[in-house]
Amino acid sequence: MFASASAFAAASVTFVDIGKMTDVPHDFQKREDMQFLFREHLNFLSGKLPPGQVLIVDFLDIDLAGDEFPRVALRDIRVLKGQADWPRMHLRYRIEQDGKVVGSGESRLSDPGYLMGANRYDRDLYGHEKQMLDEWFRKEVLQQH
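To keep things clear, this report deals only with the structure shown in the data block. Since this is a predicted model, take the numbers as computed values, not measurements. (Residues numbered from 1 in each chain as written. Predicted model: local features only at pLDDT ≥ 70, side-chain atom pairs only at ≥ 80, totals over all residues. Heavy atoms only, no water.)

### Some details on the overall build of the protein
Helix and strand counts for the protein come out as 2 helices and 6 strands. In sequence order, the secondary structure elements of the protein are arranged as β-α-β-β-β-β-β-α. Each of the 145 residues in the protein was classed as buried or not, and the buried ones make up 38%. The long-range fraction of contacts in the protein, counting pairs at least 24 apart against all pairs at least 6 apart in sequence, stands at 64%. (Helix = DSSP H or I, 4+ residues; strand = E, 2+ residues; numbered from the N terminus. Buried < 20%, exposed > 50% of the residue type's maximum accessible area, 1.4 Å probe, protein only. Contact = heavy atoms within 4.5 Å.)

Structure below.
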């Protein structure tokens, strides 16, 4: 009953031609899970926008942290080496209020030092990508206000 209006904020998120992205899970269910988690995280971030504003994000490319290796009779595993396997994303976004665009841009995100320093999502699946999205949101999206 006392929930804030921002608790109901929702981002509109699409994954453009996900089958051609650089590095996303090959397994259909894992790919669906990844999309759900990124949508959920962007919904959380969009709650920080002023009331009435909507965040719209199109993922154009994703290269997840680490490399995925197939294992026989077990599920695939993702190995993080901290070398040239850092997370990267290419996205296009806009912020709308009352049907009008109040901010927009296209961003290429990357975090070559993803294994250095603290990560508030270190126990989360796609935690390095979430942290990278947080930084992007703070620097690019919120700065447009």
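### Some thoughts on the packing of aromatic side chains
On inspection of all chains with the given rule, the structure shows 5 aromatic pairs. Connected via pairs of aromatic rings, a cluster forms that spans F15, F38, F59 and Y126. (Phe/Tyr/Trp six-rings, centres within 6.5 Å; stacked < 30°, edge-to-face > 60°.)

### Some points on the sheet that holds strand β2 (residues 53-63)
Reading across from one edge, β1-β2-β5-β6 is the order of the 4 strands in this open sheet, with mixed pairing throughout. The open sheet is flanked by β1 (12-15) and β6 (100-110), the only strands paired with a single partner. The average undirected angle you get between the axes of adjacent strands in this sheet is 15°. Bridge count for β1 against β2 is 4 bridges, and the pairing is parallel. Pairing of F15 across the sheet is with F59, part of β2. Each of β1, β2 and β5 (88-97) is contacted by helix α1 (residues 28-46), which is oriented at about 145° to β2, the strand it contacts most. Contacts from helix α2 (residues 127-141) reach β2, β5 and β6, with the element oriented near 45° to β5. (Pairing = 2+ DSSP bridges. Axes fitted to C-alpha atoms, helices over the stretch in contact; angles between N-to-C directions.)

### Considerations on the pairing of β6
Sheet topology note: the β5/β6 ladder contains 10 bridges and is antiparallel. Counted as the bridge partner of R88 is S110 from β6. Hairpin connection of β5 to β6: 2 residues between the antiparallel strands, including D98 at a positive phi of 55°.

### Re the pattern of salt bridges
Counting across every chain of the model gives 7 salt bridges. Residue R94 is joined to E96 by a salt bridge in which the shortest nitrogen-to-oxygen separation is 2.8 Å. With relative accessibility at 32%, the residue R94 sits in the partly exposed group. With a shortest N-O distance of 3.2 Å, E135 and K139 are connected by a salt bridge. One end of the pair is E135 and the other is K139, both in helix α2 and 4 residues apart, which spans about a single turn. Salt bridges sharing common partners tie together E135, R138 and K139. (Salt bridge = Lys/Arg side-chain N within 4 Å of Asp/Glu carboxyl O.)

### Digging into α1
The terminal C-alpha atoms of α1, which comprises 19 residues, lie 27 Å apart, in line with the 27 Å expected from a rise of 1.5 Å per residue. Summarising the contacts, the buried residues of α1 are in contact with β1, β2, β5 and α2. Among the residues of α1, the N-terminal cap falls to D27, whose side-chain oxygen and the backbone nitrogen of Q29 are separated by 3.2 Å. (Expected span 1.5 Å × (residues − 1). Polar contact = N/O pair within 3.5 Å; in protein donor to acceptor, adjacent residues only side chain to side chain.)

### Overview of the nonpolar core
Among the nonpolar cores identified, the biggest contains 28 residues, and F38, L55, F59 and W136 are the most heavily contacted of them. Going through the elements one at a time, β1, α1, β2, β5 and α2 are the ones with two or more residues in this core. Leave out the neighbours within four places in its chain, and W136 touches L42, L55, V57, L91, Y93, S107, L109 and V141. (Core = buried A, V, L, I, M, F, W, Y, C linked by side-chain atoms within 4.5 Å.)

### Points about the layout of surface pockets
Its boundaries defined by the atoms lining it, the second largest pocket holds a volume of some 160 Å³. Around the second largest pocket sit L109, S110, D111, Q131, M132, E135, W136, K139 and E140, which together line it. The element that contributes the greatest number of residues to the lining of the second largest pocket is α2, accounting for 6 residues. Here the lining of the second largest pocket is composed, by residue class, of 3 nonpolar, 2 polar and 4 charged. (1 Å grid on protein atoms, 1.4 Å probe; cavity = no way out; pocket = protein on both sides within 12 Å on 5 of 7 lines; lining within 4 Å. Points joined across faces, edges and corners; volume = space filled by probe spheres on them. Nonpolar A, V, L, I, M, F, W, Y, C, P; charged D, E, K, R; others polar.)

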